[in-house]
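Observations on the three-dimensional arrangement
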Amino acid sequence: MKIYTNNNNTSTLKLLIAANLAGKKLELQKSTFEDQFSGPKCLPLLEVDEELTFFSSNAAVQYLFPILDLSKNGQCQQMQEWEATRLQPAVSNVLSAKTVPADVKQVLQSLVLVLNELLKKHKYIIGDKLSAADISIWSTLYPLLYNEESKSYLSECSYILQWAEELNKAKAFQEAVKQWGGNPKGPFSNNSALGTPQITNLPTPAGSPDDSVPISVSQEEADLAQENWLNGLKNLQAPIKQEKLVLPVKGRKNVLITSALPYVNNIPHLGNIIGCVLSADIFARYCRLCDYNTLYISGTDEYGTATETKALEEGVTPRQICDKYYEIHNSVYRWFNIGFDYFGRTSTPEQTQIVQKLFLKVLDNGFMSTQSVEQLFCEKCERFLADRFVEGTCPHPGCAYDGARGDQCDKCGKLINAIELIEPKCKVCAHRPTVRPSEQLFIELGQLEPSIRSWISSVEGNWSGPARAVSRAWLREGLRARAVTRDLKWGVPVPLDKYKHKVFYVWFDAPVGYTSITQCATKQYEKWWKPDKEYDVKLYQFMAKDNVPFHAIMFPASVIGANEGHKLVDYIFATEYLNYEEGKFSKSRGVGVFGTDAQETGIPSDVWRFYLASIRPETSDSSFNWTELCTRNNSELLNNLGNFCHRSLSFCANTFKGKIPEMSFSNTDYVLFALVNREVVAYVQNMEKGRLREALRHVMSVSRLGNQHMQSEQPWVLLKGSPEEKIRGSTAIAVCCQLVALLCTLIAPYMPDTSRKLKAQLNLPDTSFRINPTNPALFQYIPTGHVIGKPEPLFAKIEQELVDTMRAKYAGTQAERAKQNGDVKTGASTNVGDLEQAIAAQGEKVRQLKASTKDKAVWQPEVNKLLELKKQLTAAQSQPVSDIASLEKAVAEQGEKVRKLKASTKDKTVWQPEVNKLLELKKQMATAQSIVATPANVASLEKAIAEQGDKVRKLKASTKDKTVWQQEVNVLLDLKKQLAAAHAK
């Protein structure tokens, strides 16, 4: 095996370490980017043999040193991608710059802090065993670790230093460093961890472009930049007229966009939001900038077992559950500025009609069959039980968990066939069900498989990597018949007399929701979903990878079986999963930050949109991190983008009274335009392919180029010089303002509120901000002499204290947080007094919201919370008297605890929290005792008053500090009120 490498390339160090650990011998061969290789232009390159060559150093490390624990493989890949796309560029920017800008330093510092937190919990990056991730990250950090001038970046990262030193002691690492022969002080060669060509005349992908390497632009590029500047505006096609009902238009590109329909049994978390609705919204806004005729629809998926189960838990009907969560979803998405053309739902008459029509057509064409399926039947409820309506003991050996569901055991995690449960019981009535056969309808996917394979092979080149991987995995296993009906009540009824008590499986009906929602939006859904040939309609669908089978296999099979000219998806842009800090987001367990939580942080929705887009899991799982959110806001938004825009417009406002000055360009300006155009071209290319995260990186590169131009030209100096220098200074300011207008356009899909603010500051109409997707380039957005508006800062700093508070606040599960915070809204408290206070506060909140807006979607979720609180108050007021005994016991135990603490220390801060708990318990007991007046109860109240009175007298005699005894006085007064009430009864 050979390694082709240039000098001082830290990625070569990775390969040498991995080879030493694996006991492989490698031959080092010096090379340059100019050497001819059949593949990407990148170094190092690992040549295994004539058939196998690795252009990605991280892929080569994994090949040489594979991870044995397959469950950790995804984690390892995720960390290696993080190293390649985030850590390595940040380290390169710091090492290559003569003077390191503050924002670049901040980016690197935030990344190493994230790494330090990981190593605080584990011996190695992903656990207790060395992996390829350790090798890649150690090699990238090597120049910081062993160069005294750069080591300061790691001074606060004791866990990184400890981990690095342990690895440095290993023989494989020491020998690799000798073989490598590099110098930790540099200079360092360009490298490519992911196999992406790193050409020296391009800016680095993160941080500021490397000003130590001359950036070359050909004369042809400069001439083209000049041509685009002069004529780019003229070459734009006429803007499309925005109609209230969006229908396909002849002669235009018509784009139909859907995001996976979120299920209505919970609040969406950040992973759900970036996985579907936010990604689709970013793309839809981009399409509108390009003057594509765009319709973006989505809605809530409302039928199925999960809805019935949630309704059962909350003691309401499925319709009420759907109404409640539809409003919550709608409110969350409005706050996130998701610009649906229509946000609908699947429990509509239109859905029933279209689903039944599709089913009957597939049935008529012979692709349906019947099979008898054994199911659990509850004789008391007189119904077959769906998997989630039955519980019992897990049948898997060694588990025996007695709360296992009919589909899966939460303890061992294994899947279950409901009829295999030991001691099953109906979740509704607790009656033991019996096994009965039930005849169901199946779609014959095997018969449709050849058509599905042929279609997928023709379009999957347009799909994202996760979408291709999932669909290929399904096809590898072969397709089998799949049930389309089930024995439930909440769903689309089967339109056959024999099956009239059955409904369609949610997997069959939910994707049809796109068509029924389009019908609700346009009243002519077939114009989009069964378009005439003369209309150019492209269908784009956004989702997380777990939804791919339904969009790539199941739904296409149904419409192919119907054979009515239905539109099949052209582009599936699926993502991997977004994790939360060290764990996984989970709706069912309430882990992570949810849409409603984001609203409560005080961080603007645009910052959330930007950060989520920047970590969008496009090729592998990624992680949300509070520290990184703070750093990205402060370094990339505040210090880079916000600083450039505000400085540029402020110079214009202060120096030229807001009027865009005359411009006299030199070749230097056209070189800048050419460099900017490279970024704009890359932005469009990535957007068109659904690589939203990558496109965003190019937006930030435009801002960095603008900052560099401002710093290099120094217009504040030029404007004080000769006439020629003054012309150069005014031109520099005008150019920066034009770049601000370009940035206003490019950020609009990601940060619509920020873009609107910039438009107002530029004093230009919406129609000025457009993109030519066939020839993306900078053109003159602002005419000379135009007067801009008042410049204002775009972003605010996020303090570390807020981050620490948020991390602590959203740790654990929603239930644990509610319990810790005593959140009565979730039923964590049954104290009548607390509930009454909460109702008063919530009622005031509702009144203020209703007074501020007539938009029901804004205040309805808060009304629902108020109604829920009132229900809890009713339940608390009817609390059974038998609870009094347990409360008396709790009071006694807590009293004993308080006495011991007070005897052990005089430090009030130690025992006061326990005293507060004791007083709260006494309050609850007093409330419980006041509900029913019996002679025994009256006697116990009299006894309690006597004891409490004695306690108050002693406290007053011991101290004049009112804060010590006032709470006990309040308890005494409360007891006396209860006694009076008991006598009155």
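What counts as what
Residues numbered from 1 in each chain as written. Predicted model: local features only at pLDDT ≥ 70, side-chain atom pairs only at ≥ 80, totals over all residues. Heavy atoms only, no water. Helix = DSSP H or I, 4+ residues; strand = E, 2+ residues; numbered from the N terminus. Contact = heavy atoms within 4.5 Å. Areas by Shrake-Rupley, 256 points an atom, 1.4 Å probe, with all protein chains shown as cover. pLDDT = per-residue confidence, 0-100. Phe/Tyr/Trp six-rings, centres within 6.5 Å; stacked < 30°, edge-to-face > 60°. Lys NZ or Arg CZ within 6 Å of the ring centre and 35° of its normal. Buried < 20%, exposed > 50% of the residue type's maximum accessible area, 1.4 Å probe, protein only. Axes fitted to C-alpha atoms, helices over the stretch in contact; angles between N-to-C directions. Parallel < 35°, antiparallel > 145°, perpendicular 65-115°, else oblique. Left-handed = near helix turned anticlockwise from the far one by under 90°. Nonpolar A, V, L, I, M, F, W, Y, C, P; charged D, E, K, R; others polar. Expected span 1.5 Å × (residues − 1). Pairing = 2+ DSSP bridges. Core = buried A, V, L, I, M, F, W, Y, C linked by side-chain atoms within 4.5 Å. Polar contact = N/O pair within 3.5 Å; in protein donor to acceptor, adjacent residues only side chain to side chain. Salt bridge = Lys/Arg side-chain N within 4 Å of Asp/Glu carboxyl O. Disulfide = S-S within 2.5 Å.

Looking only at helices and strands, one finds 34 helices and 21 strands in the protein chain. Across the protein chain, contacts joining residues at least 24 apart in sequence account for 76% of those joining residues at least 6 apart. A total of about 44,300 Å² of accessible surface is found on the protein chain, and carbon and sulfur atoms cover 51% of it.

This brings us to the confidence of the model for the protein chain. Scored by pLDDT, the protein chain comes out at a mean of 84, with 86% of its residues at no less than 70. In the model, residues 822–830 has pLDDT below 50 throughout and makes 22 contacts with residues more than four positions away in sequence or in other chains. Every residue in residues 931–936 scores below 50 in pLDDT, and together they form 8 contacts with partners more than four places removed in sequence or on other chains.

What follows is about the packing of aromatic side chains. Considering all chains together, one arrives at 38 aromatic pairs under this definition. With 5.0 Å between their ring centres and 45° between their planes, Tyr-142 and Tyr-146 make a pair best called tilted. Taken together, the aromatic side chains of Phe-283, Tyr-286, Tyr-540, Phe-542, Tyr-571, Phe-573 and Tyr-683 make up a single cluster linked through ring pairs. One cation-aromatic arrangement involves Arg-345 over Tyr-326; the distance from NZ or CZ to the ring centre is 4.6 Å. Between Arg-383 and the ring centre of Phe-389, over which it is positioned, the NZ or CZ distance is 5.0 Å.

Below, the discussion takes up unusual backbone geometry. Residue Glu-423 is not a glycine yet carries a positive backbone phi of 50°. If you check the backbone angles, Ala-430 has positive phi at about 70° while not being a glycine. Within the secondary structure, Ala-430 is located in the loop between strand 12 (422–426) and strand 13 (434–443). A relative accessible area of 53% places Ala-430 in the exposed class.

Relative orientation of the contacting elements helix 21 (residues 626–656) and helix 23 (residues 692–713) amounts to 50°, with a least axis distance of 10 Å. On the basis of their axis angle, the class for helix 21 and helix 23 is oblique. Handedness of the helix 21/helix 23 crossing: left-handed. Contact residues: Glu-636, Asn-639, Asn-640, Leu-641, Asn-643, Phe-644, Arg-647, Ser-648 and Phe-651 in helix 21; Met-700, Ser-703, Arg-704, Gly-706, Asn-707, Met-710 and Gln-711 in helix 23. Tallied by class, the residues present in the contact of helix 21 with helix 23 amount to 5 nonpolar, 8 polar and 3 charged.

We now examine helix 1 (residues 10–22). Between the first and last C-alpha of helix 1 there are 19 Å, a value that for 13 residues agrees with the 18 Å anticipated at 1.5 Å per step. Taken residue by residue, helix 1 has Thr-10, Ser-11, Thr-12, Leu-13, Lys-14, Leu-15, Leu-16, Ile-17, Ala-18 and Ala-19 as its buried positions. Following helix 1 by one or two positions, Gly-23 adopts a phi angle in the positive range, close to 70°.

Before going further, it helps to spend a moment on the packing of helix 1 against helix 7 (residues 171–180). Contact pair helix 1 / helix 7: the axes reach a minimum separation of 8 Å and the direction vectors enclose 135°. Compared by their axis directions, helix 1 and helix 7 come out oblique. Helix-helix and strand crossings are classified by hand; for helix 1 and helix 7 the assignment is right-handed. Residues Thr-10, Thr-12, Leu-13, Leu-16, Ile-17, Asn-20 and Leu-21 of helix 1 form the contact with helix 7, whose own contacting residues are Ala-172, Phe-173, Glu-175, Ala-176, Val-177, Gln-179 and Trp-180.

Okay, the sheet that holds strand 12 next. Sheets are built from strands that pair by backbone hydrogen bonding, the pairs being arranged parallel or antiparallel. The 3 strands are arranged 11-10-12 in an open sheet whose pairing can be described as antiparallel. Each of the sheet's edge strands pairs with one partner strand only, and the pair in question is strand 11 (404–405) and strand 12. With 3 bridges joining them, strand 10 (residues 390–393) and strand 12 adopt antiparallel strand pairing. Pairing of Val-390 across the sheet is with Cys-426, part of strand 12.

One open sheet accounts for 5 strands, arranged 7-6-5-17-18; its pairing is parallel. At either margin of the open sheet sits one strand with a lone partner, and together these are strand 7 (342–345) and strand 18 (571–575). Within the sheet, the average angular offset between the axes of one strand and its neighbour, ignoring direction, is 20°. In this sheet, strand 7 lies alongside strand 6 (residues 293–300) in parallel orientation, the contact comprising 4 bridges. Bridging across to strand 7, Gly-299 finds its partner in Gly-344.

Moving on, we get to the pairing of strand 1 (residues 2–5). On any regular strand, side chains alternate: one points to one face of the sheet, the next to the other face. Pairing between strand 1 and strand 3 (residues 45–47): 3 bridges, direction antiparallel. The partner of Ile-3 across the bridge, within strand 3, is Leu-46. As defined by bridge partners, strand 1 adjoins strand 2 (residues 27–30) across 4 bridges and the pair is classed as parallel. Bridging from a neighbouring strand, Thr-5 pairs with Lys-30 of strand 2.

Here the focus is the nonpolar core. Counting 172 residues, the largest nonpolar core has Ile-257, Trp-608, Phe-624, Trp-626, Tyr-683 and Tyr-750 as the members making the most contacts within it. Residues Ile-67, Ile-126, Leu-145 and Ala-164 belong to the second largest nonpolar core, which totals 55 residues.

Our next topic: helix 16 (residues 513–522). Burial of helix 16 is extensive: 9 of the 10 residues sit out of reach of the surface. Turning to helix 16, its buried residues are Gly-513, Tyr-514, Thr-515, Ser-516, Ile-517, Thr-518, Cys-520, Ala-521 and Thr-522. Looking one or two places after helix 16, you find Lys-523, whose phi comes out positive at around 65°.

The topology assignment puts Gln-356 in helix 12 (residues 349–364). Exposure remark for Gln-356: the relative accessible area of 19% places this residue in the buried category. A polar atom in the side chain of Gln-356 sits 2.9 Å from the backbone oxygen of Pro-493. Ignoring any residue separated from it by four or fewer positions in sequence, one finds Gln-356 in contact with Val-492, Pro-493, Pro-495 and Phe-504.

Here we take up the pattern of salt bridges. Evaluated as defined, the whole model comprises 40 salt bridges. The partner of Arg-285 in a salt bridge is Asp-281, and the shortest N-O contact between them spans 2.9 Å. Of this pair, Arg-285 and Asp-281 both sit in helix 9 (residues 270–289), 4 residues apart, which is roughly one turn of that helix. An identical accessibility class is assigned to Arg-285 and Asp-281; each is buried. For Glu-564, the salt bridge is made with Lys-530, and the minimal N-O distance between the two is 3.3 Å. Placement of Glu-564 in the loop between helix 18 (548–562) and strand 18 and of Lys-530 in the loop between helix 17 (526–529) and strand 17 (536–544) is noted, with a sequence separation of 34 residues between them. Judged by relative accessible area, which is 31%, Glu-564 ranks as partly exposed. A relative accessible area of 19% means that Lys-530 is categorised as buried. Taken together, the shared-partner salt bridges in this structure form one network comprising Glu-302, Arg-319, Asp-323 and Arg-345.

The next subject is the environment of Tyr-781. Considering the arrangement of structural elements, one finds Tyr-781 in the loop between helix 26 (752–762) and helix 27 (800–809). For Tyr-781 and Ser-768, which are 13 residues apart along the polypeptide, the C-alpha to C-alpha distance reads 6.6 Å. Among all residues touching Tyr-781, those that are not within four sequence positions of it are Gln-738, Ala-741, Leu-742, Thr-745, Leu-764, Ser-768, Phe-769 and Arg-770. Polar side-chain contacts of Tyr-781 include one of 3.2 Å to the backbone oxygen of Arg-770.

By the element assignment, Ala-748 lies in the loop between helix 25 (723–747) and helix 26. Spatially, the C-alpha atoms of Ala-748 and Leu-758 are 9.8 Å apart, while their sequence positions differ by 10 residues. Other than its neighbours up to four places away in sequence, Ala-748 contacts Arg-285, Leu-289 and Ser-755.

Here we take up the side chain of Asn-634. Its location among the elements puts Asn-634 in helix 21. By relative accessible area, Asn-634 is classed as buried at 4%. At 2.9 Å, the side chain of Asn-634 and the side chain of Asn-633 are in polar contact. A distance of 2.9 Å separates the side chain of Asn-634 from the backbone nitrogen of Ile-798, its partner in a polar contact.

Glancing now at the environment of Asp-49. With respect to the helices and strands, the residue Asp-49 is situated in the loop between strand 3 and strand 4 (53–54). Taking the C-alpha atoms as reference points, Asp-49 and Met-1, separated by 48 residues in sequence, lie 6.6 Å from one another.

Okay, the state of the cysteines next. The final tally for this structure, using the stated rule, is 0 disulfides. Here Cys-394 stays unpaired: no disulfide links it, and the sulfur of Cys-399, its closest cysteine neighbor, is 3.7 Å away. With relative accessibility at 2%, the residue Cys-394 sits in the buried group. For the unlinked cysteine Cys-736, the closest cysteine sulfur is that of Cys-737, found at 7.1 Å. Residue class for Cys-736 comes out buried when judged on its relative accessible area of 1%.

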